[in-house]
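Single-letter residue listing:
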Amino acid sequence: AASPVRGPKKAPVTVVQYTDFECPFCQRGYEIMQDKILKEFPGKVRWVYKSLPLVSIHPWAEPAAMGAECVKLQGEDKFWQVHDALFAAQREISLDNLAEKLAGFVKAAGADVKAFEACFEAKKTLPAVSKDATEAESLGITGTPAFLVNGHLVSGADYATIKRLVEEALQGRHGKG
């Protein structure tokens, strides 16, 4: 319930995406959802964001997820603007410039940069990020991106499978959840 959502709350299909802002395959997963699934099934898909930073291989993924959660406190619309900006600028971001990049994205989203920085520096949203990661682990999800299409797991940025599961769900051919 606390997770950011794109699409109608009562959409017949829910796609929960566990993602890592530093993961190149997650960027592809973002593009699949944003540029294909939401456009091909307008009004029929609810896209739920969950953070799953792979800290052992992606040094700035967890702080980026915390930053996204900090801006979410100022509005879900602002969260999605920063979410999109993180993926768009993924190749330009490093651990050294992350705070500066995030502050720019937050400002561009029209959010309060000082409030964001206070939250980010105090790591106030680390529990929210950790909660998503613990949830993923409890579901047996170990890699990113991972998608749950009405409860059916798709590992990786697999457009064909995600699309097929959305179509099947809309036709009532697989579990609703």
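One structure accompanies this document, and this report is about it.

Scoring rules and cut-offs
Residues numbered from 1 in each chain as written. Predicted model: local features only at pLDDT ≥ 70, side-chain atom pairs only at ≥ 80, totals over all residues. Heavy atoms only, no water. Disulfide = S-S within 2.5 Å. Helix = DSSP H or I, 4+ residues; strand = E, 2+ residues; numbered from the N terminus. Buried < 20%, exposed > 50% of the residue type's maximum accessible area, 1.4 Å probe, protein only. Core = buried A, V, L, I, M, F, W, Y, C linked by side-chain atoms within 4.5 Å. Phe/Tyr/Trp six-rings, centres within 6.5 Å; stacked < 30°, edge-to-face > 60°. Lys NZ or Arg CZ within 6 Å of the ring centre and 35° of its normal. Pairing = 2+ DSSP bridges. Right-handed = clockwise from strand over helix to strand, strands pointing away. Expected span 1.5 Å × (residues − 1). Contact = heavy atoms within 4.5 Å.

To continue, consider the state of the cysteines. In this structure the tally under the stated criterion is one disulfide. Between the sulfur atoms of Cys 70 and its disulfide mate Cys 119 the distance is 2.2 Å. Its S-S torsion of about -80° marks the bond between Cys 70 and Cys 119 as left-handed, since a negative value means left-handed. A residue pair is termed long-range when its members are at least 10 positions apart, and Cys 70 in helix α2 (residues 61-72) and Cys 119 in helix α5 (residues 113-121) qualify at 49 residues. The burial state of Cys 70 is the same as that of Cys 119; both residues are buried.

Right, let's talk about the nonpolar core for a bit. The biggest cluster of nonpolar side chains holds 46 residues, and the ones touching the most others in it are Phe 21, Val 45, Leu 86, Ile 162 and Val 166. Judged by nonpolar contacts, the second largest core, of ten residues, contains Tyr 18, Leu 52, Ala 146 and Leu 148.

The full count for this structure, using the stated rule, is eight aromatic pairs. Summarising the aromatic geometry, the rings of Phe 21 and Phe 87 are spaced 5.1 Å apart at their centres and angled 45° between planes, so their arrangement reads as tilted. In this pair, Phe 21 is assigned in the loop between β2 (13-19) and α1 (24-40) and Phe 87 in helix α3 (residues 76-88), connecting sequence segments 66 residues apart. A residue is classified by how much of its surface remains accessible, and Phe 21, at 1% relative accessible area, is buried. Residues Trp 47 and Trp 80 carry aromatic rings whose centres are separated by 5.0 Å and whose planes lie at 45° to one another, so their mutual orientation is tilted. Placement of the pair is Trp 47 in strand β3 (residues 45-51) and Trp 80 in helix α3, with a sequence separation of 33 residues. Residue class for Trp 47 comes out buried when judged on its relative accessible area of 1%. Overall, Trp 80 belongs to the buried group, its relative accessible area being 6%. Over the ring of Tyr 159 we find Lys 36, and its NZ or CZ is 4.5 Å from the ring centre.

A few words now on the pairing of β3. Within β3, six of the seven residues are buried, which leaves it mostly tucked inside the rest of the structure. With two bridges joining them, strand β1 (residues 5-6) and β3 adopt antiparallel strand pairing. Considered in β3, the bridge of Val 5 is made with Val 48. By the bridge criterion, seven bridges tie β2 to β3 in an arrangement that is parallel. Across the sheet, the residue bridging to Gln 17 is Tyr 49, located in β3. The β-α-β motif built from β2, the intervening α1 and the parallel element β3 has right-handed crossover chirality.

Look at α3: 18 Å from first C-alpha to last across 13 residues, which is about the 18 Å you get at 1.5 Å a residue. Of the positions making up α3, those classed as buried are Lys 78, Phe 79, Trp 80, Val 82, His 83, Asp 84, Ala 85, Leu 86 and Phe 87.

Counting through the fold element by element, Thr 19 comes out in strand β2. Residue Thr 19 is classed as buried on the basis of its relative accessible area of 2%. Residue contacts for Thr 19: discarding those within four places in its chain leaves Cys 26, Tyr 49, Lys 50, Ser 51, Leu 52, Pro 53, Phe 87 and Thr 144.

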